[in-house]
Amino acid sequence: MAQKHIVIAPGDGIGQEVTAVGKKVVEKIAAKFGHEFTYDEVLIGHLSIEAMGSPLTDDALETMRNSDAVLFGAVGHPKYDNDPTAQMRPEQGLFRMRKELGLYANLRPIKLFDELLGASSIKPEVLKGADILFFRELTGDVYFGEKGRKNNGNTAYDMAEYSRYEVERIARKAFEAARTRRKKLCSADKANVMETGRLWREVVQKMSLDYPDIEVEHQYADATAMLLIKDPRRFDVIVTANLFGDILTDEASQIAGSMGMLASASIGDGTGVYEPIHGSAHDITGKGVANPIASILSAALLLDISFGMKEESEMVIKAVDNLLKAGYRTRDIADSQTSSDKILGTEAIGKLVLTTLDDL
Ligand code: NAD
């Protein structure tokens, strides 16, 4: 029996809908295993701007900091998407949370459930068995470097910066994870054109001496993009910088068939944050059709990584697997083989996961 405190931060749009399901799954696991989990719910993003005048208040941040883990949804609202000049923006809440909680590593497992092989745009024979764990650096690169305009606003710049320390700490997490998996690490950079890429490669090469059991390869980020589609099974753990990680993980999400299936963990040395990789999806908000599986799998990652509850985490993944095997789908992962009575909405899929968990 463990006692843990979890902050639920659903955010905006479908973040609200899917995180409600993720929370129910965590509650079910607590009841099943006799754990005592307590919860706080906080605002972040557009709803926080509307209610509190800030995309993430100090209070909300402090509540997160004092918790054992955060289950997050997504932030965003159409009014900001079409207004790049808005000074206060939902994603500032996300960036603040990542920065203040010191979340420097974003982990994205890319693993396709066999039942969804047909849902990907990649051929099943290329895809079957692909199992990749991305480590995307989160606190450096063009996201946080100096940026601005010159030449009367006609030239724009974003500076990419990495310190040796920043590369080392994410690479160490990736090396350690590779040790628990198939012992292969691919480091993706642009050492051919970027000085940050040369430092990145130098650091990873040096560290590989401490990990003689890990087979390390260095790939250019563009070649990695190509290889992900051509031969995804060649990869085990991939470590890369913030911007390349952003692009490569979205590309890799297509391996898993839908954005609605992929979870991620953002970790540092304190409280970890667990979230689907998708955004607030305005196009389907309020329709009850959002796929909650990414949030459910985020809850599974939370149990595993922040609480060390492997058995509990695997049970959640098994429940998802079982319901997919039984043919149930949300609209985004349904195909021509799916019978219409098995295409369910967010809440119905959530309920099915809970009853499946009861039976496991
Ligand atoms: P998105 O991920 O919200 O949606 C992309 C497409 O995938 C949409 O067609 C959407 O309907 C579909 N989709 C996403 N999640 C789904 C799910 N669970 N089930 C079924 N279909 C799903 O990305 P976008 O449309 O580029 O952005 C929408 C908003 O989200 C923007 O305001 C953007 O800034 C924000 N955003 C936030 C985050 C985050 O909070 N981490 C990440 C990406 C985008």
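All of these numbers come straight from a predicted model, not from anything done at the bench.

Undergrad: Mind showing me how you'd approach the UniProt feature "binding site: Mg(2+)" (unreviewed entry) in the protein chain here?
TA: Residues annotated by UniProt as "binding site: Mg(2+)" (unreviewed entry) correspond here to Asp222, Asp246 and Asp250. Sequence-wise these annotated residues cover 29 residues; spatially they are packed, their C-alpha atoms never more than 13.9 Å apart. Relative to the elements of secondary structure, Asp246 occurs in helix H10 (residues 242-253). Asp246 gets classed as partly exposed once you look at its relative accessible area, which sits at 26%. Look past the residues within four positions of Asp246 in its chain and what remains in contact with it is Arg136 and Tyr143. Separated by 2.6 Å, the side chains of Asp246 and Tyr143 make a polar contact. Given a relative accessible area of 34%, Asp250 falls into the partly exposed group.

Undergrad: Can you help me understand the site of the ligand in this one?
TA: Close to the ligand lie 20 residues; Val75, Gly279, Ala281, Asp283 and Asn291 are nearest. A distance of 2.7 Å is found between an oxygen atom of the ligand and a backbone nitrogen or oxygen belonging to Gly279. Taking Asp283, its side chain carries an N or O atom lying 2.8 Å from an oxygen atom of the ligand. Here the ligand, which alone exposes 800 Å², has 69% of that area covered by the protein. Classifying every residue of the shell around the ligand gives eight nonpolar, eight polar and four charged.

Undergrad: Before we go on, may I ask you to explain the packing of helix H12 (residues 310-325) against helix H13 (residues 346-359) in this structure?
TA: Packed helices, taken two at a time, are described by their axes: the angle between them and the distance between them. Where H12 contacts H13, the axes come no closer than 9 Å and their chain directions differ by 115 degrees. In terms of crossing hand, the pair formed by H12 and H13 is right-handed. Taking contact as the criterion, the partners of Met315, Val316, Ala319, Asn322 and Leu323 in H12 are, on H13, Ile349, Leu352, Val353, Thr356 and Leu357. For the contact of H12 with H13, the per-class residue count stands at eight nonpolar, two polar and no charged.

Undergrad: Even after reading the chapter, I still don't get the sheet that holds strand E12 (residues 272-276), so can you show me in this structure?
TA: Backbone-to-backbone hydrogen bonds join strands into a sheet, with any given pair of strands oriented parallel or antiparallel. Ordered by their spatial adjacency, 10 strands build an open sheet running E2-E1-E3-E12-E11-E4-E5-E10-E8-E9, and the pairing between neighbours is mixed. On the outer flanks of this sheet lie strand E2 (36-41) and strand E9 (215-220), each paired with one strand and no other. Here the strands of the sheet are splayed against their neighbours by 20 degrees on average, with no regard to which way each runs. Inspection of the sheet shows strand E1 (residues 3-11) paired to E2 by six bridges, in the parallel sense. Looking at E2, one finds that His5 is bridged to Thr38. Helix H8 (residues 195-208) contacts strand E5 (131-137), strand E8 (184-189), E9 and strand E10 (237-240) of the sheet and is inclined by roughly 170 degrees relative to E9.

Undergrad: Looking at this model, I keep getting lost on the domain arrangement of the protein chain. Mind explaining?
TA: Reports often express the size of an interface as the amount of accessible area lost when the parts come together. On domain assignment, one finds that the protein chain holds domain 1 (1-106 + 256-360) and domain 2 (131-254). Of note, the centres of domain 1 and domain 2, computed from C-alpha atoms alone, are 25 Å apart. Contacts between the two partners involve 14 residues from domain 1 and, on the opposite side, 13 residues from domain 2. Looking only at domain 1, the three residues that lose the most surface to domain 2 are Arg98, Tyr104 and Asn106, adding up to 47% of its buried area. Across the domain 1-domain 2 interface, the total number found is zero salt bridges. Across the contact surface, domain 1 and domain 2 share two residue pairs in polar contact (both at pLDDT 80 or more). When contributions to the side of domain 1 that touches domain 2 are tallied by element, the ones reaching two or more residues are strand E4 (105-111) and strand E11 (263-267).

Undergrad: Quick question: what am I supposed to make of the nonpolar core here?
TA: One broad rule of soluble globular proteins: the nonpolar side chains tend to lie buried together. Counting residues in hydrophobic clusters, the biggest one holds 86 residues, and the most contacted among them are Phe135 and Leu228. Looking at this core element by element, the count peaks at eight residues for helix H11 (residues 293-305). A domain-level breakdown of this core finds at least three residues from each of domain 1 (1-106 + 256-360) and domain 2 (131-254). Sequence-distant contacts of Phe135, that is, excluding residues within four places in its chain, are made with Asn106, Leu107, Ile170, Lys173, Ala174, Ala177, Val237, Ile238, Val239 and Thr240. By size, the runner-up hydrophobic cluster in this structure holds 17 residues, among which are Ala9, Ile44, Val70 and Leu138.

Undergrad: How should I be thinking about the packing of helix H7 (residues 164-179) against H8 in this particular structure?
TA: Contact geometry of H7 with H8 gives a least axis separation of 9 Å together with a crossing angle of 45 degrees. Put simply, H7 runs oblique to H8. Handedness of the H7/H8 crossing: right-handed. In contact with Arg164, Val167, Glu168, Ile170, Ala171, Arg172 and Phe175 of H7, H8 contributes Leu199, Trp200, Glu202, Val203, Val204, Met207 and Ser208. The residue inventory of the contact of H7 with H8, partitioned by class, reads nine nonpolar, one polar and four charged.

Undergrad: Would you take a moment to explain the pairing of strand E3 (residues 69-74) for this structure?
TA: Looking along a regular strand, one sees side chains alternate from face to face of the sheet. Buried residues dominate E3, accounting for six of its six residues. Inspection of the sheet shows E3 paired to E12 by three bridges, in the parallel sense. Bridge pairing in E12 places Ala69 opposite Gly272.

Parameters and conventions
- Residues numbered from 1 in each chain as written.
- Predicted model: local features only at pLDDT ≥ 70, side-chain atom pairs only at ≥ 80, totals over all residues.
- Heavy atoms only, no water.
- UniProt positions renumbered as here; feature names shortened; annotations may be inferred.
- Helix = DSSP H or I, 4+ residues; strand = E, 2+ residues; numbered from the N terminus.
- Buried < 20%, exposed > 50% of the residue type's maximum accessible area, 1.4 Å probe, protein only.
- Contact = heavy atoms within 4.5 Å.
- Polar contact = N/O pair within 3.5 Å; in protein donor to acceptor, adjacent residues only side chain to side chain.
- Near = heavy atom within 4 Å.
- Areas by Shrake-Rupley, 256 points an atom, 1.4 Å probe, with all protein chains shown as cover.
- Nonpolar A, V, L, I, M, F, W, Y, C, P; charged D, E, K, R; others polar.
- Axes fitted to C-alpha atoms, helices over the stretch in contact; angles between N-to-C directions.
- Left-handed = near helix turned anticlockwise from the far one by under 90°.
- Pairing = 2+ DSSP bridges.
- Domains from an automatic or database assignment.
- Buried area = accessible area lost by both parts, 1.4 Å probe.
- Salt bridge = Lys/Arg side-chain N within 4 Å of Asp/Glu carboxyl O.
- Core = buried A, V, L, I, M, F, W, Y, C linked by side-chain atoms within 4.5 Å.
- Parallel < 35°, antiparallel > 145°, perpendicular 65-115°, else oblique.

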